[in-house]
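These are the residues of each chain, in order.
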Amino acid sequence: PLGQILAAKNDFAQAMQYYRQALEYFDARREESHLRILGVLYTFMGDAHFNQNDLEAARIAYEEAFPYLIASVGERHLDTANVYEGLGKTSLGRGDAPAALESLRKCLKIRRQFLPEFHPSFGSSEFLLGQTHQSLGDTRTALKHYRRALAVQKQNYRSDDRRIDQTEAAIRNLPNSQHIG
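Quick look at the structure, then. (Residues numbered from 1 in each chain as written. Predicted model: local features only at pLDDT ≥ 70, side-chain atom pairs only at ≥ 80, totals over all residues. Heavy atoms only, no water.)

The end-to-end C-alpha distance of helix α6 (residues 97-114) is 26 Å, a good match for the 26 Å that 18 residues give at a rise of 1.5 Å each. Of the residues making up α6, those classed as buried are Ala-97, Ala-100, Leu-101, Ser-103, Leu-104, Cys-107, Leu-108, Ile-110 and Arg-111. Of the surrounding elements, those touching the buried residues of α6 are α5 (78-93) and α7 (120-135). The N-cap of α6, judged by a side-chain oxygen 3.3 Å from the amide nitrogen of Ala-99 a few residues on, is Asp-96. (Helix = DSSP H or I, 4+ residues; strand = E, 2+ residues; numbered from the N terminus. Expected span 1.5 Å × (residues − 1). Buried < 20%, exposed > 50% of the residue type's maximum accessible area, 1.4 Å probe, protein only. Contact = heavy atoms within 4.5 Å. Polar contact = N/O pair within 3.5 Å; in protein donor to acceptor, adjacent residues only side chain to side chain.)

This brings us to α5. Here α5 contains 16 residues, and its C-alpha end-to-end distance of 22 Å stays within 8% of the 22 Å for a straight helix at 1.5 Å per residue. With 13 of its 16 residues buried, α5 lies for the most part within the structure.

Close approach of charged atoms allows side chains with opposite charge to pair. For the structure on display, the rule yields 11 salt bridges. In this structure, Glu-63 engages Arg-59 in a salt bridge whose closest nitrogen and oxygen atoms are separated by 2.7 Å. One end of the pair is Glu-63 and the other is Arg-59, both in helix α4 (residues 55-72) and 4 residues apart, which spans about a single turn. Glu-63 sits in the partly exposed class, given a relative accessible area of 39%. Its salt-bridge partner being Arg-112, residue Glu-126 comes within 3.6 Å of it at the nearest N-O pair. Of this pair, Glu-126 sits in helix α7 while Arg-112 is found in helix α6, placing the two residues 14 residues apart along the sequence. Note on Glu-126: relative accessible area 4%, which makes it buried. Using a relative accessible area of 48% as the deciding quantity, one classes Arg-112 as partly exposed. Three or more residues are tied together by salt bridges with common partners; here these are Glu-56, Arg-59 and Glu-63. (Salt bridge = Lys/Arg side-chain N within 4 Å of Asp/Glu carboxyl O.)

This paragraph deals with unusual backbone geometry. You will see that Asn-10, though not glycine, has its phi angle at about 65°, which is positive. In this fold, Asn-10 is placed in the loop between α1 (2-8) and α2 (12-29). Phi angles above zero are rare outside glycine, and Asn-53 is one such case at about 65°. Structurally, Asn-53 can be placed in the loop between α3 (35-51) and α4. Asn-53 gets classed as exposed once you look at its relative accessible area, which sits at 61%.

Summed over all chains, the structure comprises 6 aromatic pairs. Ring centres of Tyr-25 and Phe-26 lie 5.0 Å apart, and the angle between their planes is 85°; on these two criteria the pair is classed as edge-to-face. With a relative accessible area of 41%, Tyr-25 lands in the partly exposed category. Taken together, Tyr-18, Tyr-19 and Phe-44 form an aromatic cluster joined through their ring pairs. The ring of Phe-50 carries Lys-89 above its face, with NZ or CZ at 4.7 Å from the centroid. Its end group placed over the ring of Tyr-157, Arg-163 keeps NZ or CZ at 3.7 Å from the ring centre. (Phe/Tyr/Trp six-rings, centres within 6.5 Å; stacked < 30°, edge-to-face > 60°. Lys NZ or Arg CZ within 6 Å of the ring centre and 35° of its normal.)

With that settled, the discussion passes to the nonpolar core. Membership of the largest hydrophobic core comes to 29 residues, with the highest contact counts inside it found for Tyr-19, Leu-23, Leu-41, Tyr-42, Met-45 and Val-83. Contributing elements (two or more residues each) for this core: α1, α2, α3, α4, α5 and α6. Beyond its immediate stretch of four places on either side in the chain, Leu-23 contacts Ala-28, Leu-38, Leu-41, Tyr-42 and Met-45. (Core = buried A, V, L, I, M, F, W, Y, C linked by side-chain atoms within 4.5 Å.)

This part is about the environment of Leu-38. Mapping Leu-38 onto the fold places it in helix α3. Accessibility expressed as a relative area gives 0% for Leu-38, which makes it buried. Sequence separation of Leu-38 and Ala-65 is 27 residues, and the distance between their C-alpha atoms is 7.1 Å. Filtering out sequence-adjacent residues up to four positions away, Leu-38 remains in contact with Leu-23, Phe-26, Asp-27 and Tyr-68.

See the structure below:
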């Protein structure tokens, strides 16, 4: 979709305009076959708000996605997992680590049911879980998640990818952690 292309180019204002137009179009028709589309559009809006650091608007958009996705694809679906991850990273950004942990665990549980072990989506989930445990002061569990994230990232991305650098830095910066070896 055009909105995703614009968001990938960091043109979030244009992406949001496209998402709002698409929401108006599909919401006006409100057919059962459009429910998933509406849920995914709200998820995309949540992502765009998150990337603009508007955590409250992101949270609201992710929460708006739930009823549409539950009605169309159910709770155990990858689209729903994406919403849980969005809520997790938004909660973490707001400093609510317990809420982040709950959402991210739900995300991971769904993804494990449907995706192969080294799917790229696990890299982000594991990294976010590492950050969450680190913010809770549990460096041992944080290190475990960071290492899992790093293993997934090394399977899926070039060695100079920023995600790998970010995860390696997170590991190095953990107090009393063993460095990458």
